[in-house]
Amino acid sequence: MNKKLSGLVLAAAMCVTALQAQQPAPRPAQTPAPQQPAQTPAAQSPAGQQPASGAQDQTEDIGPTLKLGVNEVNLIFTVTDKHGHYIPNLKQSDFALLDDQKAPEKITSFRQQINLPLRVGIVIDASTSIRSRFQFEQQSATEFLLQILKSRSDRAFVMGFDVTPTVTADWTNNIDALETGINRLRPGGGTAMFDAVYTACRDKLLDARGQEPVRHAMILISDGDDNQSRVHPDEAIKMCQRAETIIYAISTNWTPSRGKGDQILTQMATETGGLTFFPPSVEEMSNSFKSIEEELRSQYALTYTPADFKMNGAFRPIYLYCNDRRYIARAKKGYFAPRE
């Protein structure tokens, strides 16, 4: 182990005591200002379902409301064993955390098996290359939404993409409207996946941030083979990180070998704290959706104030691990600080 890594691990171990010692304390409620990068892809204006009547944000069965201060970070993460089984009922003292290589100044809250409101984007590849399996994708996505949108405070939208992204159902918890949006998608054209991911985060998920913590997730269904995007993969990933969105990718590459597209999907999921699923056939896609549903209902949330926090728009890396090395904590790799 080199000196840099040894120092990082030592610093992480030292922060365990700090995590245990912190007591929850309320923070002033302020709203971070979203950052917009200079380069943006061409995007088609949303044209589809409007939110159902009376579908304002409501809180149901989520416990006490938590307001986030401008200098607070809400970290959503998953814990599994080495076989991928979810580990419940862990305590704050079971984890060590570094933010920009420093232990947090204060832990505001820690919650197990959270039920925070969901903001889910269903982003479906509607290019010519997936025409033969498109109907199965639509059916699986609809079944997923039926299962995952349990609370009146949950919301989802539907976006299809070929050379341009198109929103066919805007933010709503109306399942009929979302199903209609999925069924409106028609395959055809090239593939601009990075543009679609970038646009979904910039125009939908970034705007869904607020003073109260929610979980942002994108279900990305594609073979990952992009041939039309103006945005680069790292730009799409950075926009996901700005929007605090976890990507769960479902590959539609049914061949035994993993190609470049699968590698791209894995990179995007890993950098945002998510997973990539490789169903062996289109008929098995529903199992991938069930795995995502299980994960979204088996997460932890940690809210904290970073040490030496500066509102300079810089990227701050996160390093989280379990003290019990039998378990693996999976979280986003970092976040962008707000800018004054």
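Residues numbered from 1 in each chain as written. Predicted model: local features only at pLDDT ≥ 70, side-chain atom pairs only at ≥ 80, totals over all residues. Heavy atoms only, no water.

**Q** Account for the overall build of the protein chain, with residues named and values stated.
**A** For the protein chain, the helix and strand inventory stands at seven helices and 13 strands. Residue pairs at least 24 apart in sequence account for 82% of intrachain contacts in the protein chain once pairs closer than 6 positions are excluded. Carbon and sulfur atoms make up 49% of the accessible area of the protein chain, which amounts to about 15,100 Å² in all. (Helix = DSSP H or I, 4+ residues; strand = E, 2+ residues; numbered from the N terminus. Contact = heavy atoms within 4.5 Å. Areas by Shrake-Rupley, 256 points an atom, 1.4 Å probe, with all protein chains shown as cover.)

**Q** Would you mind going over the sheet that holds strand 13 (residues 334-336) in detail, with residue names and values included?
**A** With antiparallel pairing, the three strands of this open sheet are ordered in space as 2-11-13. For this open sheet the edge positions go to strand 2 (95-99) and strand 13, each flanked by a neighbour on one side alone. In this sheet, adjacent strand axes meet at a mean angle of 20 degrees when their direction is disregarded. Note that strand 2 and strand 11 (residues 315-322) share five bridges and pair antiparallel. (Pairing = 2+ DSSP bridges. Axes fitted to C-alpha atoms, helices over the stretch in contact; angles between N-to-C directions.)

**Q** So what about helix 2 (residues 134-148)? Which residues, and what values?
**A** The end-to-end C-alpha distance of helix 2 is 21 Å, a good match for the 21 Å that 15 residues give at a rise of 1.5 Å each. Among the residues of helix 2, Phe 134, Glu 137, Gln 138, Ser 140, Ala 141, Thr 142, Phe 144, Leu 145 and Ile 148 are the ones counted as buried. On the buried face of helix 2, the contacting elements are strand 4 (118-125), strand 5 (155-161), helix 3 (175-183), strand 7 (215-222) and helix 7 (285-296). (Expected span 1.5 Å × (residues − 1). Buried < 20%, exposed > 50% of the residue type's maximum accessible area, 1.4 Å probe, protein only.)

**Q** Give a description of the environment of Asp 170 that names residues and reports values.
**A** Its location among the elements puts Asp 170 in strand 6 (residues 165-172). Here Asp 170 falls in the buried class, since its relative accessible area comes to 16%. In this structure, the C-alpha to C-alpha distance between Asp 170 and Val 158, residues twelve residues apart in sequence, is 6.6 Å.

**Q** Talk me through the pattern of salt bridges; I want residue IDs and the actual numbers.
**A** Here the structure, examined in full by the defined rule, presents nine salt bridges. In this structure, Asp 308 engages Lys 102 in a salt bridge whose closest nitrogen and oxygen atoms are separated by 4.0 Å. In this pair, Asp 308 sits in the loop between strand 10 (300-305) and strand 11 while Lys 102 sits in the loop between strand 2 and strand 3 (106-111), placing the two residues 206 residues apart along the sequence. Taking relative accessible area as the criterion, Asp 308 reaches 48% and is therefore assigned partly exposed. Note on Lys 102: relative accessible area 33%, which makes it partly exposed. Notably, a salt bridge pairs Glu 295 with Arg 330, separated by 2.8 Å at the nearest N-O pair. One end of the pair, Glu 295, is in helix 7; the other, Arg 330, is in strand 12 (residues 327-330), and 35 residues separate them in sequence. Residues Glu 295 and Arg 330 agree in their burial class; the two are buried. (Salt bridge = Lys/Arg side-chain N within 4 Å of Asp/Glu carboxyl O.)

**Q** So what's going on with the pairing of strand 10? Residues and values would help.
**A** Among the six residues in strand 10, six count as buried, and that is most of the element. Side chains Tyr 300, Leu 302 and Tyr 304 of strand 10 all project onto a buried face; the interleaved residues Ala 301, Thr 303 and Thr 305 project onto the opposite face, where all are buried too. Pairing of strand 1 (residues 73-81) with strand 10 involves five bridges; the strand directions are antiparallel. If you follow Leu 75 over to strand 10, its bridge partner there is Leu 302. One ladder, built from five bridges, connects strand 3 with strand 10; its direction is antiparallel. Bridge pairing in strand 10 links Phe 110 to Leu 302.

**Q** Describe the nonpolar core, naming the residues involved and giving the relevant values.
**A** Ranked by size, the top nonpolar core spans 30 residues in total, and within it Ile 122, Phe 144, Leu 145 and Ile 219 carry the most contacts. Looking at this core, the elements that each hand over two or more residues are strand 4, helix 2, strand 5, helix 3, strand 7, strand 8 (245-251) and helix 7. Looking at which element gives the most residues to this core, the answer is helix 2, with five residues. Excluding residues that lie within four positions of it along the chain, Ile 122 makes contacts with Ala 141, Phe 144, Leu 145, Phe 157, Val 158, Met 159 and Ile 219. Core analysis: the second largest hydrophobic core is formed by 28 residues, Met 159, Trp 171, Ala 196 and Leu 220 among them. (Core = buried A, V, L, I, M, F, W, Y, C linked by side-chain atoms within 4.5 Å.)

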